[in-house]
Amino acid sequence: GQQVMQIPQYQHVQEGEDFTTYCNSSTTLSNIQWYKQRPGGHPVFLIQLVKSGEVKKQKRLTFQFGEAKKNSSLHITATQTTDVGTYFCAEPTSGTYKYIFGTGTRLKVLA
Amino acid sequence: NAGVTQTPKFQVLKTGQSMTLQCAQDMNHEYMSWYRQDPGMGLRLIHYSVGAGITDQGEVPNGYNVSRSTTEDFPLRLLSAAPSQTSVYFCASGRAYEQYFGPGTRLTVT
């Protein structure tokens, strides 16, 4: 079945350091979504990527979709304590609206 | 505009009891879904719906039923609660390109 691997599982960084999480799929994707979940909160939609090689930026966050549309990354420049949380990718099962979430990367930022 | 609402926020059940988790959205979204999240884990899709009258199974559908009689509501029924169903349940609604999540229901089965 479809598998969504996310690495790393955990990441501790000093405030001001950069952070990257990677999402790898076993299948070619039509699109990929990224979500952030703060501790004790609910997932919040960040962005969707659709095109091969697409790069999108939201302030300090950079999202990239691989050329083969099988992987994606989220990069945060100069982390802040407000970036703390778990970052999930989510991908649709081919031809459906059935979204499967990755295992997530839990980010801790040390002030 | 309340977004996605879920009730109750907390629930304790005994093994074998049944109950319904409520989910409602006021954004006229066609797509709705239910996920469960176990401690320190990711989200696993239970059931989803692409419109009123249409539902389908997700990754972990056993022990749960859903129905979608209106665009707004998507209740999740636990038929006979088991301790393995202790989890946080999130409902979401959206379109093909994004989902909005409710605040969650924390369920404990003893």
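Our subject is the structure listed above.
Predicted, not measured: the structure shown is a model, and the values here were computed from it.

(A) Expanded view of the overall build of chain A. Of regular secondary structure, chain A possesses 0 helices and 11 strands. What you see in chain A, going N to C, is helices and strands ordered as β-β-β-β-β-β-β-β-β-β-β. In summary, chain A has a C-alpha radius of gyration of 13 Å against a globular reference of 13 Å for 111 residues, a match within 12%. When the 111 residues of chain A are sorted by exposure, 46% land in the buried category. Per element, the accessible surface of chain A, about 5500 Å² overall, is 51% carbon and sulfur.

(B) Structural detail: the interface of chain B and chain A. At the junction of the two partners, chain B supplies 21 residues and chain A supplies 18 residues. In terms of surface lost to chain A, no three residues of chain B exceed L43(B), A96(B) and F101(B), which account for 28% of the buried area on that side. Seen at the junction of chain B and chain A, the total is 0 salt bridges. Here chain B and chain A share 3 residue pairs in polar contact (both at pLDDT 80 or more) between them. Per-element accounting of the side of chain B that touches chain A gives the leading share, 4 residues, to strand 5 (residues 43-51) of chain B. Classifying every residue of the side of chain B that touches chain A gives 12 nonpolar, 7 polar and 2 charged.

(C) Broad picture of the pattern of salt bridges. Residue and element names in this part refer to chain B. Under the criterion given, the structure shown has 4 salt bridges over all chains. Of the charged contacts in the structure, one is a salt bridge between R36 and D38, with a shortest N-O distance of 2.8 Å. Pair check on accessibility: R36 and D38 agree, each one buried. Between D38 and R44 there is a salt bridge, with its nearest N and O atoms 2.6 Å apart. For D38, a relative accessible area of 14% translates into the label buried.

(D) Representation of the state of the cysteines within the structure. Evaluation of the coordinates by the stated rule reveals 2 disulfides over all chains. Residue pairing for C23(A): its cysteine sulfur links by disulfide to C89(A), the two sulfurs lying 2.0 Å apart. As the torsion about the S-S bond is roughly 65°, the C23(A)-C89(A) disulfide counts as right-handed. Note that C23(A) is positioned in strand 3 (residues 19-25) and C89(A) in strand 9 (residues 85-92), a separation of 66 residues in sequence. Neither residue differs from the other here; C23(A) and C89(A) are each classed as buried. Disulfide partner of C23(B): C91(B), at an S-S distance of 1.8 Å. Of note, the bridge from C23(B) to C91(B) carries an S-S torsion of about -70° and is left-handed in sense.

Conventions and cut-offs
- Residues numbered from 1 in each chain as written.
- Chains lettered and ligands numbered in written order.
- Predicted model: local features only at pLDDT ≥ 70, side-chain atom pairs only at ≥ 80, totals over all residues.
- Heavy atoms only, no water.
- Helix = DSSP H or I, 4+ residues; strand = E, 2+ residues; numbered from the N terminus.
- Rg over C-alpha atoms; globule rule 2.2 N^0.38 Å.
- Buried < 20%, exposed > 50% of the residue type's maximum accessible area, 1.4 Å probe, protein only.
- Areas by Shrake-Rupley, 256 points an atom, 1.4 Å probe, with all protein chains shown as cover.
- Contact = heavy atoms within 4.5 Å.
- Buried area = accessible area lost by both parts, 1.4 Å probe.
- Salt bridge = Lys/Arg side-chain N within 4 Å of Asp/Glu carboxyl O.
- Polar contact = N/O pair within 3.5 Å; in protein donor to acceptor, adjacent residues only side chain to side chain.
- Nonpolar A, V, L, I, M, F, W, Y, C, P; charged D, E, K, R; others polar.
- Disulfide = S-S within 2.5 Å.

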